[in-house]
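# A closer look at the structure
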Amino acid sequence: MARGTIRYWAAAKDAAGVAEEPFEAATLAELMANVTAGRDRLSQVIRRSSFLVDGNPVGKRAHDTIVFADGTTVEVLPPFAGG
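In this report, the structure presented in the accompanying data block is examined. (Residues numbered from 1 in each chain as written. Predicted model: local features only at pLDDT ≥ 70, side-chain atom pairs only at ≥ 80, totals over all residues. Heavy atoms only, no water.)

### Topic: the overall build of the protein chain
Each helix and strand in the protein chain was counted, giving three helices and five strands. The helix and strand sequence of the protein chain, counted from the amino end, reads β-α-β-α-α-β-β-β. A compact globule built from 83 residues should have a C-alpha radius of gyration of about 12 Å, and the protein chain, at 12 Å, falls within 12% of that. Reported as C-alpha extents along the three principal axes, the dimensions of the protein chain are approximately 35 × 25 × 20 Å. Buried residues in the protein chain amount to 40% of all 83 residues. Of the accessible surface of the protein chain, which amounts to about 4,900 Å², a share of 51% is contributed by carbon and sulfur atoms. Side-chain charges of the protein chain comprise 9 positive and 10 negative groups, with the mean position of each set lying 7 Å from the other. (Helix = DSSP H or I, 4+ residues; strand = E, 2+ residues; numbered from the N terminus. Rg over C-alpha atoms; globule rule 2.2 N^0.38 Å. Buried < 20%, exposed > 50% of the residue type's maximum accessible area, 1.4 Å probe, protein only. Areas by Shrake-Rupley, 256 points an atom, 1.4 Å probe, with all protein chains shown as cover. Lys, Arg positive; Asp, Glu negative; His and termini not counted. Charge placed at Lys NZ, Arg CZ, Asp CG, Glu CD.)

Here it is, written out as structure tokens:
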């Protein structure tokens, strides 16, 4: 189990009600399950979001294959509007 920080941007920040929070999770899949439990609005935003783990894009990799180390930072990036 790793400890780290999850940062929310734009609509994810609004849905979470905070800009960032600490976490304990072994994988990105576990983290997403933990942070969305009981937070329906955040769950909806996260389903459409992309993620950076320590600055590296997750892309289409399965979230259960993204394993964390202590000190990991996860960025939640919802789709941005504009041009």
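### Notes on the nonpolar core
Counting residues in hydrophobic clusters, the biggest one holds 22 residues, and the most contacted among them are Ile6, Leu28, Leu31, Phe68 and Val74. Mapped by element, the contributors of at least two residues to this core are β1 (2-8), α1 (11-16), β2 (20-25), α2 (28-36), α3 (40-47), β3 (50-53) and β5 (72-77). At four residues, α2 tops the list of elements feeding residues into this core. The residues contacting Leu28, other than those within four sequence positions of it, are Phe51, Val58, His63, Ile66, Phe68 and Val74. (Core = buried A, V, L, I, M, F, W, Y, C linked by side-chain atoms within 4.5 Å. Contact = heavy atoms within 4.5 Å.)

### Notes on the packing of α2 against α3
For any two helices packed against each other, one specifies the inter-axial angle together with the distance between the axes. It is at 8 Å that the axes of α2 and α3 come closest, and there the two elements cross at 145°. Across the interface between the two elements, Met32, Val35 and Thr36 of α2 pack against Leu42, Ser43 and Ile46 of α3. Class assignment for the residues of the contact of α2 with α3 results in four nonpolar, two polar and no charged. (Axes fitted to C-alpha atoms, helices over the stretch in contact; angles between N-to-C directions. Nonpolar A, V, L, I, M, F, W, Y, C, P; charged D, E, K, R; others polar.)

### Details of the pattern of salt bridges
Taken as a whole and assessed by the stated rule, the structure comprises four salt bridges. With a shortest N-O distance of 3.3 Å, Arg3 and Glu24 are connected by a salt bridge. With Arg3 in strand β1 and Glu24 in strand β2, this residue pair connects regions lying 21 residues apart in the sequence. Accessibility expressed as a relative area gives 55% for Arg3, which makes it exposed. Salt-bridge contacts for Glu75 lead to Arg7; the nearest nitrogen and oxygen are separated by 3.2 Å. One end of the pair, Glu75, is in strand β5; the other, Arg7, is in strand β1, and 68 residues separate them in sequence. We classify Glu75 as buried; its relative accessible area is 12%. One salt-bridge network, held together by shared partners, links Arg7, Glu20 and Glu75. (Salt bridge = Lys/Arg side-chain N within 4 Å of Asp/Glu carboxyl O.)

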